[in-house]
Structures are given as C-alpha cells and as structure tokens.
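Residue-level listing of the chains:
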Amino acid sequence: MIEIKKATLSDLVTIQNISKQSFTETFAAINTPENMKKYLQESFNTAQLTAEINNPDSPFYIAFWNTEPVGYLKLNLGDAQTEMVEDTTLEIQRIYVLQAFHGKKIGQLLLDEAIKIAQQIPVNYIWLGVWEENNRALQFYTKNGFITFDKHLFLLGDDQQTDLLMKLKIS
C-alpha cells in the first residue's frame with residue numbers, strides 16, 4: 001500500500017536520505033564524482049533543506065510503501081518558484097523515487113497529488129525542469145501531457161547542463 005503524507009521539519013532526515021540516494025542512483029553514472037559530491041553537499045545539506053521545508057510556499061509530500069519512505073514531491077508556489085513562468089503557476093521542483101521502487105506507480109501518485117493541489121489552488125499550469133538527457137523522466141512527463149515550452153541552464157557542480165522546461169495546462 002502506498003500512502004502520501006505532507007512532510008514537516010521532523011521529516012528532514014528522511015527527505016535528505018531520499019534526496020541523496022535518488023539523485024545518486026539517477027545521475028552518478030553520467031556525471032563526475034566531483035560534480036556529484038558538490039551538488040549533493042550544496043543542495044541537500046541540513047541548512048538548505050531546513051530552509052526549504054520551513055518555507056510555506058514549498059510544501060513536501062513523502063510517499064510511503066507500507067511504512068517505508070520511498071520518495072517525495074516538492075512543490076513551489078509564488079516567489080518560491082525557481083523561475084517566474086507566470087503568476088498562476090505551480091512548480092514541481094522534485095519528484096524523487098528510490099530506484100528499487102521504480103515501476104510501482106509511486107512517481108505517478110506523486111504527480112497526481114501535484115495535479116490535485118494545482119486544481120485546488122487553482123493555477124493555470126504546472127511546470128517543471130527536466131535534464132534533457134533524462135529520457136525516463138521526459139517520457140513520463142510527456143505521457144502525462146506535459147509539453148516543452150523553454151529551456152534553461154542547470155549547474156551540476158561545475159558542469160553546465162540544459163534542462164527542458166515542461167508545462168501541463170490545469171485550467
């Protein structure tokens with residue numbers, strides 16, 4: 001059974017562990033160890049994640065497989081968005097699922113949660129950035145109706161990479 005719960009600061013270590021493990025499983029084979037180490041230290045350190053979790057415009061939702069935390073969703077509203085696409089948007093900054101749980105529809109349930117929240121707010125679009133070489137994620141979002149509308153640079157350590165910006169019309 002999969003359950004999704006809104007996270008609080010007491011979930012910091014869980015979010016930190018999922019972040020580091022999921023990001024490493026997904027990207028370590030195609031990036032240098034130095035760039036991976038730098039990114040993990042900058043993005044998932046305790047101070048950074050505490051600030052993100054404490055931001056009321058950046059809610060986190062953790063997915064549990066039975067009682068085991070196996071993934072999470074991070075949303076950004078308003079000024080918390082990493083880029084202002086337009087006023088009436090919601091950003092999905094992260095959907096992370098541990099590799100051992102890929103194929104169990106956890107990512108889909110987290111995306112469905114984001115869509116439900118977007119409809120309740122309401123916003124016109126959900127948007128996100130996906131590394132142009134992350135074919136699994138690109139296929140997942142395309143299958144779910146997201147379309148590419150722009151791109152931006154993403155810095156992983158000292159490596160400049162290109163993220164495709166994708167959006168899904170909500171209302």
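Rules used throughout
- Residues numbered from 1 in each chain as written.
- Predicted model: local features only at pLDDT ≥ 70, side-chain atom pairs only at ≥ 80, totals over all residues.
- Heavy atoms only, no water.
- Core = buried A, V, L, I, M, F, W, Y, C linked by side-chain atoms within 4.5 Å.
- Buried < 20%, exposed > 50% of the residue type's maximum accessible area, 1.4 Å probe, protein only.
- Helix = DSSP H or I, 4+ residues; strand = E, 2+ residues; numbered from the N terminus.
- Contact = heavy atoms within 4.5 Å.
- Polar contact = N/O pair within 3.5 Å; in protein donor to acceptor, adjacent residues only side chain to side chain.
- Salt bridge = Lys/Arg side-chain N within 4 Å of Asp/Glu carboxyl O.
- Phe/Tyr/Trp six-rings, centres within 6.5 Å; stacked < 30°, edge-to-face > 60°.
- Lys NZ or Arg CZ within 6 Å of the ring centre and 35° of its normal.
- Axes fitted to C-alpha atoms, helices over the stretch in contact; angles between N-to-C directions.
- Parallel < 35°, antiparallel > 145°, perpendicular 65-115°, else oblique.
- Left-handed = near helix turned anticlockwise from the far one by under 90°.
- Pairing = 2+ DSSP bridges.

Engineer: Give a description of the nonpolar core that names residues and reports values.
Structural biologist: Counting residues in each nonpolar core, the largest one holds 50 residues, and the members touching the most others are F23, I92, Y141 and F146. Broken down by element, this core gets its largest block of residues, seven residues, from helix α4 (residues 106-120). Sequence-distant contacts of F146, that is, excluding residues within four places in its chain, are made with I92, L111, I126, L128, Y141, M166, K167 and L168.

Engineer: Any chance you could break down the side chain of N144 for me, citing the residues and the numbers?
Structural biologist: Take N144: it is sitting in the loop between α5 (135-143) and β6 (147-156). At a separation of 2.9 Å, a polar atom in the side chain of N144 contacts the side chain of Q108. Setting aside anything within four residues of it in sequence, one finds N144 in contact with Q108, L111 and L168.

Engineer: I'd like a rundown of unusual backbone geometry, residues and numbers included.
Structural biologist: Going from I121 to P122, the amide bond is cis rather than trans, its omega being -20°. Mapped onto the elements, P122 comes out in the loop between α4 and β5 (125-131). Phi angles above zero are rare outside glycine, and N66 is one such case at about 60°. We classify N66 as partly exposed; its relative accessible area is 49%.

Engineer: Go over the pattern of salt bridges with me, naming the residues and quoting the values.
Structural biologist: Taken as a whole and assessed by the stated rule, the structure comprises four salt bridges. With a closest N to O distance of 3.4 Å, E113 and K116 form a salt bridge. Placement of the pair is E113 and K116 together in helix α4, with a separation of three residues, close to one helical turn. Beyond isolated ion pairs, a larger network of salt bridges with shared partners links E52, K74 and R94.

Engineer: Which residues make up the side chain of E113, and what values do they have?
Structural biologist: By relative accessible area, E113 is classed as buried at 16%. Not counting the four nearest positions on each side in its chain, E113 is found in contact with I4, Y61 and L73.

Engineer: Talk me through the packing of aromatic side chains; I want residue IDs and the actual numbers.
Structural biologist: For any pair of aromatic rings, the description consists of the separation of the ring centres together with the inter-plane angle of the planes. If you walk through the whole model with that rule in mind, you get 13 aromatic pairs. Where F23 meets F27, the ring centres are 4.6 Å apart and the plane angle is 50°; that geometry is what we call tilted. Linking F23 with F27, this pair stays in helix α1 (residues 12-27), spanning four residues, or about one helical turn. For the ring pair Y39 and F154, a centre distance of 5.5 Å and an interplane angle of 55° mean the geometry is tilted. Here the residue Y39 occupies a position in helix α2 (residues 33-43), and F154 occupies one in strand β6, the gap between them amounting to 115 residues. The exposure class of Y39 is buried, given its relative accessible area of 11%. Members of the aromatic cluster, connected to one another through ring pairs, are F23, F27, Y39, F44, F60, Y72, Y96, W131 and F154. Here the basic side chain of K5 rests over the ring of F64, its NZ or CZ set 5.4 Å away from the ring centre. A cation over an aromatic ring shows up here: K167 above the ring of Y125, its NZ or CZ 4.4 Å from the ring centre.

Engineer: Please give an account of the packing of α1 against α2 that cites residues and values.
Structural biologist: One can describe the packing of α1 onto α2 by two numbers: an axis separation of 11 Å at closest approach and a directional angle of 155°. Considering their axes alone, α1 and α2 lie roughly antiparallel with respect to each other. For the pair α1 and α2, the crossing hand works out as right-handed. Between α1 and α2, the contacting residues are K20, F23, T24 and F27 on the first element and M36, Y39 and L40 on the second.

Engineer: Go over the pairing of strand β7 (residues 159-169) with me, naming the residues and quoting the values.
Structural biologist: Along a regular strand, successive side chains alternate from one face of the sheet to the other. Here β5 pairs with β7 via seven bridges, running antiparallel. Its bridge partner being in β7, W131 is matched across the sheet by D163. Alignment of β6 against β7, held across nine bridges, turns out to be antiparallel. Paired with D150 across the bridge in β7 is L165. Two successive antiparallel strands, β6 and β7, enclose a turn made up of two residues, where G157 displays a positive phi of approximately 65°.

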